[in-house]
Amino acid sequence: MSLNKSIAVIGGGAAGFFSAICAAQLAQQKGFSTDIQIFEASDQVLKKVKISGGGRCNVTHNCFDVKLFCKNYPRGSRELLSPMQRFQASDTVEWFKNAGVQLVAEADGRMFPTTNSSETIIDCFFNLIEKHNIKLNTNCPVKAIEVVSPKKFKLATGNNTPFMADAVLVATGSVAGGYRLAESLGHSITERAPSLFSFIIQDDLIAGLTGLSFKDASLKLTLPSKGKVFKQKGPVLITHWGLSGPAILKLSAWAAREMKQSAYTGTLTINWMGAENSNDVESRLNQLKSENLKSYLKNVYPDNLPKRFWLSLLDKCSIDQDKQWAQISKKEVAQLCNVLVASQLNISGQNRFKDEFVECGGVALREIDFKSMESKVCPGLYFAGEILDVDGITGGFNFQNAWTTGWVAAQHMMGSDSGTE
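Here the structure is a predicted model, which is why all the values come from computation and not from measurement.

What counts and what doesn't
- Residues numbered from 1 in each chain as written.
- Predicted model: local features only at pLDDT ≥ 70, side-chain atom pairs only at ≥ 80, totals over all residues.
- Heavy atoms only, no water.
- Helix = DSSP H or I, 4+ residues; strand = E, 2+ residues; numbered from the N terminus.
- Contact = heavy atoms within 4.5 Å.
- Areas by Shrake-Rupley, 256 points an atom, 1.4 Å probe, with all protein chains shown as cover.
- Lys, Arg positive; Asp, Glu negative; His and termini not counted.
- Charge placed at Lys NZ, Arg CZ, Asp CG, Glu CD.
- Buried < 20%, exposed > 50% of the residue type's maximum accessible area, 1.4 Å probe, protein only.
- Pairing = 2+ DSSP bridges.
- Salt bridge = Lys/Arg side-chain N within 4 Å of Asp/Glu carboxyl O.
- Core = buried A, V, L, I, M, F, W, Y, C linked by side-chain atoms within 4.5 Å.
- Axes fitted to C-alpha atoms, helices over the stretch in contact; angles between N-to-C directions.
- Polar contact = N/O pair within 3.5 Å; in protein donor to acceptor, adjacent residues only side chain to side chain.
- Phe/Tyr/Trp six-rings, centres within 6.5 Å; stacked < 30°, edge-to-face > 60°.

Undergrad: Is there a simple way to explain the overall build of the protein chain in this structure?
TA: Scanning the protein chain for helices and strands turns up 13 helices and 21 strands. Seen through its principal axes, the protein chain has C-alpha atoms that stretch 90 × 45 × 35 Å. A separation of at least 24 residues holds for 74% of the contacts in the protein chain among residues at least 6 apart in sequence. Summing over all exposed atoms, the protein chain offers an accessible surface of approximately 18,000 Å²; the carbon and sulfur share of this is 48%. Computed over 45 positive and 40 negative side-chain charges, the separation of the two mean positions in the protein chain equals 2 Å.

Undergrad: So what exactly am I meant to see when it comes to the environment of V377 here?
TA: Looking at the element boundaries, V377 is found in the loop between β20 (374-375) and β21 (381-383). Among the residues examined, V377 registers a relative accessible area of 43% and is labelled partly exposed. In this structure the C-alpha to C-alpha distance between V377 and H187, which are 190 residues apart in sequence, comes to 7.2 Å. Excluding residues that lie within four positions of it along the chain, V377 makes contacts with L185, G186, H187 and E367.

Undergrad: Explanation requested: the sheet that holds strand β3 (residues 60-61) in the structure shown.
TA: For sheets, the rule is that strands pair by backbone hydrogen bonds, running either parallel or antiparallel. Spatial ordering of the open sheet is given by β3-β5-β4, a layout of three strands whose pairing is antiparallel. The sheet is open, and its two edges are formed by β3 and β4 (103-105), each paired on a single side. As defined by bridge partners, β4 adjoins strand β5 (residues 110-113) across three bridges and the pair is classed as antiparallel. By the bridge assignment, A105 is partnered in β5 with M111.

Undergrad: In this structure, what is going on with the pattern of salt bridges? I would like to understand it.
TA: Pairing is possible between side chains that carry opposite charge, provided their charged atoms lie close to one another. One pass over the structure, following the stated rule, counts 18 salt bridges. With its nearest N and O atoms 3.1 Å apart, the salt bridge here joins R192 to E359. A residue pair is termed long-range when its members are at least 10 positions apart, and R192 in the loop between α7 (176-184) and β11 (193-195) and E359 in strand β18 (residues 358-360) qualify at 167 residues. A salt bridge links E258 to K228; the nearest nitrogen and oxygen atoms lie 3.9 Å apart. One end of the pair, E258, is in helix α9 (residues 256-261); the other, K228, is in the loop between β13 (213-222) and β14 (229-238), and 30 residues separate them in sequence. We classify E258 as buried; its relative accessible area is 18%. Of the residues examined, K228 reaches a relative accessible area of 45% and is grouped as partly exposed. Salt bridges linked by common partners bring R56, E106, D108 and R110 together as one network.

Undergrad: What exactly am I supposed to notice about the nonpolar core here?
TA: Burial of nonpolar side chains together is a common tendency in soluble globular proteins. In this structure, W95, F96, F125, L155, V168 and W403 are the most contacted members of the largest nonpolar core, which totals 89 residues. Among the nonpolar cores identified, the runner-up in size contains 48 residues, and I206, L251, A255 and I270 belong to it.

Undergrad: What's the story with the sheet that holds strand β7 (residues 142-149) in this structure? I'm lost.
TA: Overall, antiparallel pairing links the three strands, which are arranged β7-β8-β9 in an open sheet. This sheet does not close on itself; its edge strands, each paired only once, are β7 and β9 (163-165). On average, each strand axis in the sheet is tilted by 25° relative to the strand beside it, whichever way the strands run. As paired strands, β7 and strand β8 (residues 152-157) are joined by six bridges and run antiparallel to one another. Among the inter-strand pairings, V147 is bridged to a residue of β8, identified as F153.

Undergrad: Sorry if this is basic, but what is going on with the side chain of S252 here?
TA: Among the secondary structure elements, S252 is positioned in helix α8 (residues 246-254). Judged by relative accessible area, which is 0%, S252 ranks as buried. Among the polar contacts made by the side chain of S252, one reaches the main-chain amide nitrogen of F197 at a distance of 2.9 Å.

Undergrad: Would you take a moment to explain the environment of T394 for this structure?
TA: Relative to the assigned elements, T394 resides in the loop between β21 and α13 (397-413). When the C-alpha atoms of T394 and K250 are compared, they prove to be 6.9 Å apart, with 144 residues separating the residues in sequence.

Undergrad: Where do I start with the packing of aromatic side chains in this structure?
TA: Aromatic ring pairs are described here by two measures, namely the spacing of the ring centres and the angle between the planes. Summed over the entire model, instances satisfying the criterion amount to 25 aromatic pairs. Their ring planes at 15° and their centres at 5.4 Å tell us that F399 and W403 sit as a pair that is stacked. Pair noted here: F399 and W403 are both in helix α13, with a separation of four residues, about one helical turn. Feature note: the residues F17, F18, F87, W95, F96, F125, F126, F399, W403 and W407 constitute an aromatic cluster, connected by ring pairs.

And the structure:
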């Protein structure tokens, strides 16, 4: 073996483990001798992998068109185009298959291990770091990084044993220590804000309706004094604190910084009927009326609405649910129609969505060469995963960012920068 190369990976999360393993695999292929070590400040590794998808681990998404895939990143979509041309979701599926883990797609595109357990991914990673003699240092924060000479680093670690590295990968996620290290080596950190969160809303219309869901609601978010409107469509879930569900989480991702600047207040306009406009809904209500003149309002309602929601809607509009459809006036039909297609709910705060905890903001993208994931201001320093100002919507996109950027960094750290594996 030749070329004894030492690589320090800071952060024991998805991006750190994946990049360390990919670097070791490449070294084995090329016959290199390497010393690859992962440094994790806490006593736990792969924490997000463990809790993702309710403990099932949403590894990636089965969209294999790179351009379409990259549209799911509110920040970093343009920058990820190049690295994802080299390692995208289909490559992730193949990589895990080669590692003995089969992934399967669900109807919404999310991909999970066939075991439906995140432990499958964790066991896979631990088996591979053992196979490739990658040393894992837990409870071992990197306190400082010193550039000794071009592409030669000295790491001051928590175990008081300095580590000399030819390349350093920072993959610390949204942990403050990672940002501090990046800044110490000349990088700037963009404004950070929570992403992927649900909305705190107190309104009589949804009070007491926890658990009700709507498959295809249309949402419009208007923030005070911002003048910018955000729109989204998809499933919405009523919770005991307000609203959640995929459409809400996507909305929060696209408006993450603006919502933080607005102190998480704003107006959410909801069309509970999805794509149907006011005229469509009014026609449906009038048809219900003409076909059910002697039926009570409480018993006959649009078939895509939960009954409890319909009763709450009648209450909000001060319409007696024991009325017959024959007794309802044009004004009342118009009133029901207006609330169905344009309910205005006041947002009073945000609630972190524990399984999908993501933060926008991080190392400024202009300071990174996305063909290699190498720093433009400190040669030999690399970044991968959420420490970058890159974040995706829910559905496996944030993990794919970790796999892609980690893989590209590994190729370049091992001197394979031709663009092919």
